[in-house]
Structure formats: structure tokens, C-alpha cells
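Structural description and commentary
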Amino acid sequence: MRLFLGFKTRYLVTKAFSPSAAVRWPRPLCTCSPAEEKPRPSMLKHLTSKIKATGPISVAEYMREVLTNPVTGYYVRNNMLGAEGDFITSPEISQMFGELVGVWIISEWMAAGRPQQLQIVELGPGKGSLTQDVLRVIGQLRQVMGAASVSVHLVEVSPVLSALQAQALTGGEGQVMEGEESVYRCGSTADGVPVRWYRRVQDVPSGFSVIVAQEFFDALPIHKFQKTPRGWREILVDIDPERDGRLRFVLSPNATLASTTLVQRGERREHVEVCAEGGVVLQHISRRISESGGAALIADYGHDGTRTDTFRGFKGHQLHDVLTAPGSADLTADVDFSYLRRCAGGVACVGPVSQSSFLRNMGIEARLQVLLRSSSDDASRAQLLRSYHTLTDPQQMGERFQFFGILPLSRVQEPRPQSGMTLEKNLRPAPLPVAGFSELTYK
Ligand SMILES: C[S@@+](CC[C@H](N)C(=O)[O-])C[C@H]1O[C@@H](n2cnc3c(N)ncnc32)[C@H](O)[C@@H]1O
């Protein structure tokens, strides 16, 4: 399905930052001098007391505390996206990204037989720009959607970011729910689409859902393991006895529960990272899709079970030492798509394919031409072309970022004749190709 929309661009006129200088992918290690750091003593103090009380902690526990501790966590306290923040992401670079994801959502909804209800679920929505662009496409294609009712469900751990998302989508803070409600904020868009916020994907009501996770899985905690002559050992975070107020990595002297359960038998790498929390989310998504229908699109930097040490920090658009000034910088690791595929059950996985292939297959060139034609000046046209290159150029985000899809099995399995029936009686339409994934590798 190709889309030719006539509306104006979100970033038509201004773009304060240079996208190529700001995207979040590995660069040579920054040599920040300790004097430039502004440590957050409360997070370091919290981690130090924890380690003193219970001993060295896993990298997963360290990452979880640093990023999502309800009081001092990096995501909980900050708006880190954009020129003034620590990194920039694809939906912030150009509206074309979110619009093409919107087309993907509609194409999966159509392939499922146009169910009456469509739940759009976004995991880790940042500033809300992607869902905003998706909803604009849905608004433009109202005739295609018919009487289907659309609702938006956002899974977000950060109160700061959920307030920004509410501003972007509902024009206000929305209604904030107190207490232990699974919905902690709600509102509706100018077009009357209901929007609800949850802390966990498990809290989103069941029903036909298309789930999008753009740079979400890379923010989930990873365990790190090292192969040693005595077997696999987990890497832990400890207090550095030689440098006051500093942390260091140590190797667990014995096997841990994680090292015995999470490292695959026959693993050939010397060092592996496993995101068990991502596996749990993936299992939930698979179950939801196989029981209620729908699809999921995961877009992130990652690999297919080949890379080793990818844990890194980002601060002010530079690489940052992961153990220095915890809570002041983003922590992230490449997504292992082979692990996600192993966690999926009762569904079909497609990809990963590169961001460049996905966006081209979804028609980014045609969309670019429409936007160029509707641009009023040279500066806007130059900006559009720059954003297009940043998203698709293999040297920029085009190859490093990958798209991975999860679909119901019925979406990819050829119907087989039932025994005792002739082939003609069983003739049903063959499964439709999956938009965006040109090389369809069903595994
Ligand atoms: C790297 S940002 C990506 C934001 C956005 N998707 C984008 O591409 O611009 C990660 C997002 O996931 C959210 N997040 C991180 N860990 C989370 C968790 N455990 N549960 C829910 N949201 C989480 C963050 O608050 C943030 O919105």
C-alpha cells in the first residue's frame, strides 16, 4: 500500500539541530574529564548503600535502578530527547518515519479483515511524536477505516515524558489518576480518539492491538556474562575500593541463577548480553497477538545474535562511561533480535530488515516527493532532504537501525487442504505480503 498525503510537514520550517551530529549510535569513546561530570549523589549513594547491604549487583539491576528508579531514575526525571537532551531518535528527525509506521499499522489492520476495534499501543513513546504522526495518517484515511473505533494505549514509565506525550496528543496534561490504578493518565485527542497511559504492557486491555516499540527494547536492563575456564560467569557492579565514590565491574566468583538459565547451551561467543525483561515483554506480546489478533513492530539498533559487548551510555550526544555519575546519562544496549525470536511463541516473526529497506518498502521516496512539492521554500526542502538521508543513508541510521515484525501465524501460513476435501473447496486467498519487509524470512 502506498500513501500520498497532502498535509504539511511537522518540521517544515525549522529544525534547530543538525540530525547527523545528534543520532544515538556508537561513536569513538568520549574522553570526558571527571571535572565535567555533574554527579547525582542521590543515585550513587542509593547504589552504594544497596551494594554495601547485599553485595555486588547484576548489570540488569544496576541498569533498572539507574534508568527507572521511581524517584531518581534517569527516564523518570528527565526529558532527554532532542538537541538540548542526550540523543535524538527517528520520529524526532522527520514526520515521515511516524507516518510510514501509521501506514504499516493500517495495512496490518486491513490484512486482519478490518476488525471493528483497533488499539494502537506504543511502548516507550518518548515525546509522543510517533503516535502523533500515526494518528494524523489515520485521520487522513478515515474513509479507509470506516466505522472502526481507534484508541491509543501508551506504556510509559516516566511521569515527565507522559506529561509531554499528553501535551502533544491531547493538548493538555490529561486526567491524572491517583493510587494503584493500572491506567495512570487519560485524555482524548482533538478528533476524539481516547488515549490512556499504563506502566506495563500487561495492563493494556485485551483486544485487537497493533503494538509499536521504537527504541524501547534497547532501554530495558541486560545481564552480561563472560566465558571463563570455569564456565560462564555473570558480570556484576561493585564499589571500587581504590577510588572513592566510584563503581567498577567485577566477575561473579560462582555461577549465578542468571548465568545458569540465560546463557544458551552451545553459545560460541566469549561474552554475551541477555535482556530477560525484553524476553518477558516479547512473550506477552506474542500471547496477546495469538489470542486476540494484531501485530507488533519493533524498531531499534541491534543484531541477530552476533555482537558481544554493546552496553554504553549517552550524555549530551556523546558516549559516556556507564559507571560514571549514574542517573545523569542514558544507558542502552543493542537489541538481540535472535533472543526475541526465541522468546516468541505461537506467532510468526519477520525480519530484522534495515531501517533503510523498511522505509523504502513503505514508500518513503514517494512521501518525500509529496512533501517537497508542498514545501514553500528552499530551506524547508533542504531540511526534508537532510532528514530523509539521516533516516535512510547506510552510513547514518539506514543500516544500523532494524525493523522486526511479529504477526499471527495465519498471516504467513499458506492454507492447507483438509483431508478428504478437494483443493477447490479449500481455496482461500493466500496470505498477503507483509508491508515493509521485502525479503520475507519467516522463522
Ligand atoms: C530511548 S527512549 C525512546 C523514545 C521514543 N520511542 C523515540 O523513539 O523517540 C525510551 C522510552 O522508553 C521509556 N521507557 C524506558 N524504560 C521503560 C520501561 N521499563 N517501561 C516503560 N517505558 C520505559 C522511556 O521513558 C522513553 O519514553
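This report concerns the structure included in the present document. (Residues numbered from 1 in each chain as written. Predicted model: local features only at pLDDT ≥ 70, side-chain atom pairs only at ≥ 80, totals over all residues. Heavy atoms only, no water.)

Description of the pairing of strand 2 (residues 117–123)
Quick note on the threshold: Burial classification: accessible surface area is computed with a 1.4 Å probe over protein chains only, and a residue below 20% of its type maximum counts as buried, one above 50% as exposed, and the rest as partly exposed. A run of H or I in DSSP counts as a helix once it spans at least four residues, and a run of E counts as a strand once it spans at least two, with each numbered from the N terminus. Following DSSP output, two strands are said to pair if at least two bridges run between them.
Burial of strand 2 is extensive: six of the seven residues sit out of reach of the surface. Bridge count for strand 2 against strand 3 (residues 149–155) is seven bridges, and the pairing is parallel. When the bridges of strand 3 are listed, glutamine 117 appears paired with serine 149. Of the strand pairs in this sheet, strand 2 and strand 7 (residues 209–214) are connected by five bridges, and their pairing is parallel. Along strand 7, the bridge assignment pairs glutamine 119 with serine 209.

Considering helix 13 (residues 364–374)
We apply this condition: Residues are treated as being in contact if the distance between any of their heavy atoms lies within 4.5 Å.
Restricting attention to buried positions, one finds in helix 13 the residues Ile364, Arg367, Leu368, Val370, Leu371 and Leu372. Elements in contact with the buried residues of helix 13: helix 5 (95–111), helix 12 (355–361) and helix 14 (378–392).

Focus on the layout of surface pockets
Going by this rule: Grid spacing is 1 Å over the protein atoms alone, the probe is 1.4 Å, and a cavity is where that probe fits but cannot get out, while a pocket is an open set with protein on both sides within 12 Å along at least five of seven lines and lining residues have an atom within 4 Å of a point. Grid points are joined across faces, edges and corners, and a volume is the space filled by probe spheres set on the points. In this classification, Asp, Glu, Lys and Arg are treated as charged, Ala, Val, Leu, Ile, Met, Phe, Trp, Tyr, Cys and Pro as nonpolar, and every other residue, Gly included, as polar.
Put simply, the largest pocket is a space of about 680 Å³. Lining of the largest pocket is provided by 36 residues; of these, Gly124, Val157, Phe216, Ala219 and Leu220 occupy positions nearest its centre. Among the elements that make up the lining of the largest pocket, the one with the highest residue count is helix 2 (residues 59–68) (four residues). Counted by class, the lining of the largest pocket contains 19 nonpolar, seven polar and ten charged residues.

A closer look at the sheet that holds strand 15 (residues 330–332)
The criterion, for reference: Each axis is a line fitted through C-alpha atoms, and for a helix only the stretch in contact is used; angles between axes span 0 to 180 degrees, taken between their N-to-C directions.
Read from one edge to the other, the open sheet built from three strands follows the order 14-13-15, with strand pairing classed as antiparallel. Across the chains shown, the open sheet's two edge strands, defined by having one partner strand only, are strand 14 (318–320) and strand 15. Looking at each pair of strands side by side, their axes are set apart by 40° on average, direction ignored. Taken together, the three bridges between strand 13 (residues 312–315) and strand 15 define a ladder with antiparallel strand orientation. Of the residues in strand 15, the one forming a bridge with glycine 313 is leucine 331.

Focus: empty space enclosed by the protein
If you walk through the whole model with that rule in mind, you get two cavities of 30 Å³ or more. Considered as a void within the structure, the largest cavity measures approximately 140 Å³ in volume. Taken together, 18 residues make up the lining of the largest cavity; nearest its centre are Ile222, Cys275, Asp334, Val335 and Asp336. Secondary-structure elements contributing two or more residues to the lining of the largest cavity are strand 11 (271–274), strand 16 (335–336) and helix 11 (337–343).

Some details on helix 10 (residues 276–292)
Condition: Between the first and last residue of a helix there are one fewer steps than residues, each counted as 1.5 Å, and that sum is the expected span.
Here helix 10 contains 17 residues, and its C-alpha end-to-end distance of 24 Å stays within 8% of the 24 Å for a straight helix at 1.5 Å per residue. Among all positions in helix 10, only Gly278, Gly279, Val281, Leu282, His284, Ile285, Ser286, Arg288 and Ile289 are buried. Of the surrounding secondary structure, the elements contacted by the buried residues of helix 10 are strand 2, strand 7, strand 12 (294–303), helix 11, strand 17 (347–354) and strand 18 (401–408). With its phi angle positive at about 80°, glycine 293 sits one or two positions after the end of helix 10.

A look at the site of the ligand
Under the convention used in this document: Whether a residue is near a molecule or strand depends on its heavy atoms: if one lies within 4 Å, it is near. Pairs of N or O atoms within 3.5 Å make up the polar contacts considered here, provided that, within protein, one atom can donate a hydrogen while the other can accept it, and that residues adjacent in sequence are counted only when both atoms are side-chain atoms. The Shrake-Rupley method, run with a 1.4 Å probe, gives the accessible areas here. Residue values count only the displayed protein chains as cover. Molecules are considered to sit inside a cavity or pocket once more than half of their atoms lie within 2 Å of its grid points.
As a structural note, the neighbourhood of the ligand is formed by 20 residues, with Thr89, Gly124, Gly126, Glu156 and Gln214 the closest of them. At a separation of 3.1 Å, an oxygen atom of the ligand approaches a polar backbone atom of glycine 126. Contact with the protein chains removes 95% of the 590 Å² of surface that the ligand exposes when unbound. With respect to the detected pockets, the ligand is housed in the largest pocket. In terms of residue class, the shell around the ligand is made up of ten nonpolar, six polar and four charged.

Thoughts on the pairing of strand 3
In terms of residue burial, strand 3 counts as a mostly covered element, since six of its seven residues are buried. Strand direction decides the pairing type here: strand 3 and strand 6 (residues 194–198), joined by four bridges, are parallel. Bridged to leucine 154 within strand 6 is tryptophan 197.

Brief notes about the side chain of serine 328
Considering the arrangement of structural elements, one finds serine 328 in the loop between strand 14 and strand 15. At a separation of 3.2 Å, a polar atom in the side chain of serine 328 contacts the side chain of lysine 315. Within polar-contact distance, the side chain of serine 328 engages the backbone oxygen of alanine 325 at 2.7 Å.

Considering the nonpolar core
Applicable threshold: Working definition of a nonpolar core: buried Ala, Val, Leu, Ile, Met, Phe, Trp, Tyr and Cys residues. They are joined through side-chain atoms within 4.5 Å.
The biggest cluster of nonpolar side chains holds 62 residues, and the ones touching the most others in it are Tyr62, Leu123, Phe217, Ile285, Ile298 and Ile406. Counting residues per element, this core draws most heavily on helix 2, which supplies five residues. When near neighbours in sequence (up to four residues on either side) are disregarded, isoleucine 298 contacts Ala213, Phe217, Leu282, Phe337, Leu340, Gln402, Phe403, Phe404 and Ile406. Core analysis: the next-biggest nonpolar cluster, separate from the first, contains 58 residues, Leu100, Val134, Met145 and Leu384 among them.

Observations concerning the packing of aromatic side chains
Aromatic ring pairs are reported here in terms of the distance separating the ring centres and the angle at which the planes meet. Short version of the rule: Each aromatic pair joins two rings of Phe, Tyr and Trp (for Trp, the six-membered one) with centres within 6.5 Å, and gets the label stacked for planes under 30 degrees apart, edge-to-face for over 60, and tilted for any other angle.
Enumeration over the complete set of coordinates arrives at seven aromatic pairs. Consider the rings of phenylalanine 216 and phenylalanine 217, whose centres lie 5.5 Å apart with planes at 85°: the pair is edge-to-face. Judged by relative accessible area, which is 16%, phenylalanine 216 ranks as buried. Taking the centre distance of 4.0 Å and the plane angle of 5° together, the rings of phenylalanine 358 and phenylalanine 403 count as stacked.

Notes on the environment of alanine 148
Among the structural elements, alanine 148 can be located in the loop between helix 7 (142–145) and strand 3. C-alpha separation for the pair alanine 148 and proline 115, spaced 33 residues apart in sequence, amounts to 7.0 Å. When sequence neighbours within four positions are dropped, the list of residues in contact with alanine 148 reads Trp109, Pro115, Gln116 and Arg142.

Describing the environment of proline 326
Here proline 326 shows up in the loop between strand 14 and strand 15. Residue classification places proline 326 among the buried positions, given a relative accessible area of 3%. Between the alpha carbons of proline 326 and leucine 67 there is a distance of 8.8 Å; along the sequence they are 259 residues apart.

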